[in-house]
Each structure stands twice: as C-alpha cells, then as structure tokens.
Amino acid sequence: MTTLLIVHHTPSPNCQAMFEAVVSGANDPEIEGVRVVRRAALAATAADVLAADGYLLGTPANLGYMSGALKHFFDQVYYPCLDATRGRPFGFYVHGGNDVTGAVRGIESITKGLGWQRSADAVTVTGEPNKADIEACRELGATLAAGLMS
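Residues numbered from 1 in each chain as written. Predicted model: local features only at pLDDT ≥ 70, side-chain atom pairs only at ≥ 80, totals over all residues. Heavy atoms only, no water.

1. What about the packing of aromatic side chains?
Within this structure, the stated rule accounts for six aromatic pairs. With a centroid separation of 6.5 Å and an interplanar angle of 55°, the aromatic rings of Phe74 and Trp116 are classed as tilted. Residue Phe74 is found in helix α3 (residues 68-81), and its partner Trp116 is found in the loop between α4 (101-114) and β6 (117-118); the two are separated by 42 residues along the sequence. On the basis of relative accessibility, which here comes to 4%, the residue Trp116 falls in the buried class. Pairing Phe90 with Trp116 gives two aromatic rings, centres 6.1 Å apart and planes at 55°, and the pair type is tilted. Here Phe90, found in strand β5 (residues 89-96), pairs with Trp116, found in the loop between α4 and β6; they are 26 residues apart in sequence, far enough to count as distant. (Phe/Tyr/Trp six-rings, centres within 6.5 Å; stacked < 30°, edge-to-face > 60°. Helix = DSSP H or I, 4+ residues; strand = E, 2+ residues; numbered from the N terminus. Buried < 20%, exposed > 50% of the residue type's maximum accessible area, 1.4 Å probe, protein only.)

Laid out in structure tokens, this is it:
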C-alpha cells in the first residue's frame, strides 16, 4: 500500500473547506491501495515524509508568503528528507485574501530544492472559495492519490 501525506495549515473556514475537499478527493472510493495520512503542518515530521510516497500541501497566504506553520514544516524536514524523497510527486493548494503569488513561489522554490515533482496543477484561491474552487481541490486530492495507485 502506498501513502499520500497531506500536510496542511487550516486556520480559517475557507482553508477548512479546501482541505476537506482535498481529503474527500484523495479518499475517493475508486482509488484503491492508497493510505491517506493527514498532518497539521506544525505536527508533521521527517518520519511522516519519509514514510510517504507522495505529498499534498495546503496553506493560507499570509503577508505575501506561505504560512509560518508550513515554512516550519519545510525547515524541519528539508535536510533529513532531501536525498530520500527526491523525485516523489506532490501537489498543493493555497488560499489568500487577495494575492497568493509569494506563497506559490515559496512552495515551488522549496519543493524544487527537495527535488519533488509536481504532478498536478496547484489550486489557488483568493477570497471565498466557490463551487468550482472546491471541485478543483477535490480533483487535486483525487489526482495525487490516483497517481500513487500500485
């Protein structure tokens, strides 16, 4: 069985709605043989990352960057996971009040350094997520999980 690790920082109702949609998609009944593990960004560890086969990251855009919680996650796992996780698939979603550019750039830069391979388009939302945004999050979760099916 393969493992999809969802690392998220979910401080608001908008982030919560996106997170729930991602989890729903990842747990689609048609996807078999994939265990979905959810960890808050401040609780996720290098052991969690090393035990997973792919990653789905979620964060709000705070002050023009990813949340401090997701940055802390990256700081904790970067060197312990650098060589062992190179080439693994990942995807991400970002929610912001009016701009997510800096958060997206930060995630892309760090994951490039880790050597992770983005396997789905990012979902970026400003303002309240609409029905299409929630569906895009569900599809993101399903795409990442389906890509790990053995």
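2. Comments concerning the packing of α3 against α4
At their nearest, the axes of α3 and α4 sit 12 Å apart, and the two run at 10° to each other. Of the possible angle classes, the one that applies to α3 and α4 is roughly parallel. Along this stretch, α3 crosses α4, giving a crossing that reads as left-handed. Along its contact with α3, which presents Leu70, Lys71, Phe74 and Tyr78, the element α4 presents Ile107, Ile110, Thr111, Gly113 and Leu114. (Axes fitted to C-alpha atoms, helices over the stretch in contact; angles between N-to-C directions. Parallel < 35°, antiparallel > 145°, perpendicular 65-115°, else oblique. Left-handed = near helix turned anticlockwise from the far one by under 90°. Contact = heavy atoms within 4.5 Å.)

3. Re the side chain of Arg88
Looking at where Arg88 falls in the secondary structure, it is placed in the loop between α3 and β5. For the buried Arg88, no salt bridge is present, and the opposite-charge side chain at shortest range is Asp53, 5.6 Å distant. Only 3.4 Å separates the side chain of Arg88 from the backbone oxygen of Val49, close enough to count as a polar contact. Side-chain polar atoms of Arg88 contact the backbone oxygen of Leu50, separated by 3.5 Å. Aside from chain neighbours lying at most four places away, what touches Arg88 is Val49, Leu50, Ala52, Asp53, Tyr55, Gly115, Trp116 and Gln117. (Lys, Arg positive; Asp, Glu negative; His and termini not counted. Salt bridge = Lys/Arg side-chain N within 4 Å of Asp/Glu carboxyl O. Polar contact = N/O pair within 3.5 Å; in protein donor to acceptor, adjacent residues only side chain to side chain.)

4. Looking at the state of the cysteines
Taken as a whole, this structure holds zero disulfides when the rule is applied. Cysteine Cys15 remains unbridged, with the sulfur of Cys137 as its closest cysteine sulfur at 9.7 Å. Residue Cys15 is classed as buried on the basis of its relative accessible area, which comes to 1%. Look at Cys137 and you get buried, because its relative accessible area is 0%. (Disulfide = S-S within 2.5 Å.)

5. Some points on the pattern of salt bridges
Oppositely charged side chains can form a pair if their charged atoms are brought close together. All chains considered together, the criterion is met by six salt bridges. Between Arg138 and Glu135 there is a salt bridge, with its nearest N and O atoms 3.5 Å apart. Here Arg138 and its partner Glu135 are both found in helix α5 (residues 131-146), three residues apart, which amounts to about one turn of the helix. When its relative accessible area of 37% is taken as the criterion, Glu135 is described as partly exposed. The network of salt bridges with common partners includes Asp28, Glu135, Arg138 and Glu139.

Function-wise, these values are silent; they only describe arrangement.
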